[in-house]
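Report on the structure
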Amino acid sequence: MSLKAGIVGLPNVGKSTLFNAITNSHVEAQNYPFATINPNEGVVNLNDERFDKLVEIFHPKKEIKATFEFIDIAGLVKGASKGEGLGNQFLSNIRNVDLICHVVRCFEDNEIIHVEGSIDPLRDIETIEYELIFADLDTVVKRLGKVEVKARTSKEKEAVEEFKLLTLLKENFEKGISARLIPLTEEQEELIKMYNLLSYKKVIYVCNVSEEDYATPENNQYFMKVKALAEKENAECLAISARIEEELSSLSKEDKKEYLDSLGVKKPGLDVLASRAYHLLNLSTFFTVGEDEVRAWTFINGWKAPRCAGTIHTDFEKKFIRAEVYSCLDLFEYGSEKALKENGKIRIEGKDYLVKDGDCLFIRHG
C-alpha cells in the first residue's frame, strides 16, 4: 500500500514550495493567489535508515523503497464553497487521500502577500476547515435526501442507523464542527467511511516558519498556537521551512547532511513529515530482502502475516503457509543471515503471527 496525502491551505502559504521540496519537480510557486490551478501530483520515496543498511548488507540488483504520493491543489479562500476565488472545485481531487497536510503560514514577510492581509494561523486554519466542512455538508445533505424516506417507511435497521448518523453529521457541520471531532460509536465509525468525508480525514498541520525559526520553532508564537490546537484535536503538528526544504531537495546526501548540521537540525522536515504520517495512520514497515531485491512494504499495525503477504501478491495471502521472520535490528547486530541462523534468531511463524515494524519476511506459499 502507498500513502497518499492532499496538501491544502490558503494561497501563498508555501504549499507549492513545499510540493517542490517534496517531489523536486519545480512546479509554479509564485507570489500571487492561485498560482496553482491544476492539481499537482508527485510520488516520492520514503527515506529509512534501516532500508539503507539492508542495501549495504545484501547489495541487491534492485532497491525499492516505500512511497508517499502527494497531491497539491489550488489554494482555498474564505467563501470557496460559494464560488470565491477558484471555488472548491479541486476538493474532489483529494477525496481519496489517506490524510491531509494542512500548510499554515507562520512567518512574517511583507514582500509575500497574505490574502487576509495579516498573519493569523488559527484564523487561517478555521477558514480552510470551514470549506472542508461545507463540502462535506453538501455530500451529507444529498445522501440524507435518499436515505430519509427509506428510514421512515421501511424501518430497515441499516437505513435507520444511517439516517441517525447523517442527521448527527448535518447538525454538527452546521455548527462548524469537523467530522473527525464528532464522538461516534464503533458502528458509526465503520459506516462513516463510505462517505469519504474531507473533514473526517487525519490532519497534519505543517507550519511554514522562517529560516531563522527552522531549528527552534518553539520560539515562534504562531507555531506554538497551532501546536496547542493540534494537541487539543489529537492531530499532528510540525514546523518546517518550505524554502529550506526546497534548497535541501537539490543537494547531494553529503551536502544535505552538512547543511542540516550547520542549521542544528538532525533530519529534514520532510522525513519528519513522513514519520508523523505513519504514526497518525498507525502504519509500520516490513522488508523483503535478498540479492535480487531489497524492498520496503507499508502495513497497518495489527495485520497478521497472511495479510502482509497479500501486499506483496494477492495469491500469497490466499495460499499462505508460513513465514520465515527475523528483525532487521538483529541482522544489523549479527551481520548476516548465516549468523542469525546460528544464533536462533530466525523464526518460523504461522497465520496468526502479528507482523512487527522492521520485520524481514520470507513468505512460503502454496
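Before reading further, recall that the structure is shown in the block above.
Residues numbered from 1 in each chain as written. Predicted model: local features only at pLDDT ≥ 70, side-chain atom pairs only at ≥ 80, totals over all residues. Heavy atoms only, no water.

Focus: the packing of aromatic side chains
What counts is decided by this rule: Classification of ring pairs rests on two measures: the distance between centres of Phe, Tyr or Trp rings, Trp counted by its six-membered ring, which must be within 6.5 Å, and the angle between planes, read as stacked under 30 degrees, edge-to-face over 60 and tilted in between. Comment: elements are numbered from the N terminus, with helices defined as DSSP H or I runs of at least four residues and strands as E runs of at least two. In this analysis the charged atom, NZ for Lys or CZ for Arg, is taken to sit over a ring once it is within 6 Å of the ring centre and within 35 degrees of the ring normal.
On inspection of all chains with the given rule, the structure shows four aromatic pairs. Measuring from centroid to centroid gives 5.8 Å for Phe 286 and Phe 299, while their planes differ by 55°, and the two rings are tilted. Of this pair, Phe 286 sits in strand 8 (residues 283-288) while Phe 299 sits in strand 9 (residues 293-300), and the two are 13 residues apart along the sequence. The rings of Phe 286, Trp 297 and Phe 299 are connected pair by pair, giving a single aromatic cluster. The ring of Phe 332 carries Lys 53 above its face, with NZ or CZ at 5.3 Å from the centroid. Looking at Arg 105, its charged tip hangs above the ring of Phe 107, at a distance of 4.4 Å from the centre.

A word on the side chain of Asn 220
To keep it simple, the criterion reads: Using a 1.4 Å probe on the protein chains alone, a residue whose accessible area is under 20% of its type maximum counts as buried, one over 50% counts as exposed, and one in between counts as partly exposed. Pairs of N or O atoms are called polar contacts if they sit within 3.5 Å, as long as, within protein, a hydrogen donor faces a hydrogen acceptor (for residues adjacent in sequence, only side-chain-to-side-chain pairs). The contact criterion used throughout is that any non-hydrogen atoms of two residues lie within 4.5 Å.
Summarising the element assignment, Asn 220 is placed in the loop between strand 6 (202-208) and helix 6 (221-233). Classification of Asn 220 by relative accessible area gives buried; the value is 5%. Looking at Asn 220, its side chain comes within polar contact range of the main-chain oxygen of Cys 106, at 2.9 Å. Excluding residues that lie within four positions of it along the chain, Asn 220 makes contacts with Cys 106, Val 209 and Asp 213.

A closer look at the environment of Ile 64
Topologically, Ile 64 is positioned in strand 3 (residues 62-64). Excluding anything up to four places from it in sequence, Ile 64 contacts Phe 51, Glu 293, Val 294, Arg 295 and Ala 296.

Let's talk about the pairing of strand 8
Our working rule: We treat two strands as partners when DSSP finds at least two bridges between them.
For strand 8, the tally of buried residues reaches six of six residues, placing the bulk of the element in the interior. By the bridge criterion, six bridges tie strand 8 to strand 9 in an arrangement that is antiparallel. Note on strand 9: the bridge partner recorded for Leu 283 is Ile 300. Between strand 8 and strand 9, which pair antiparallel and follow one another directly, the connecting turn spans four residues.

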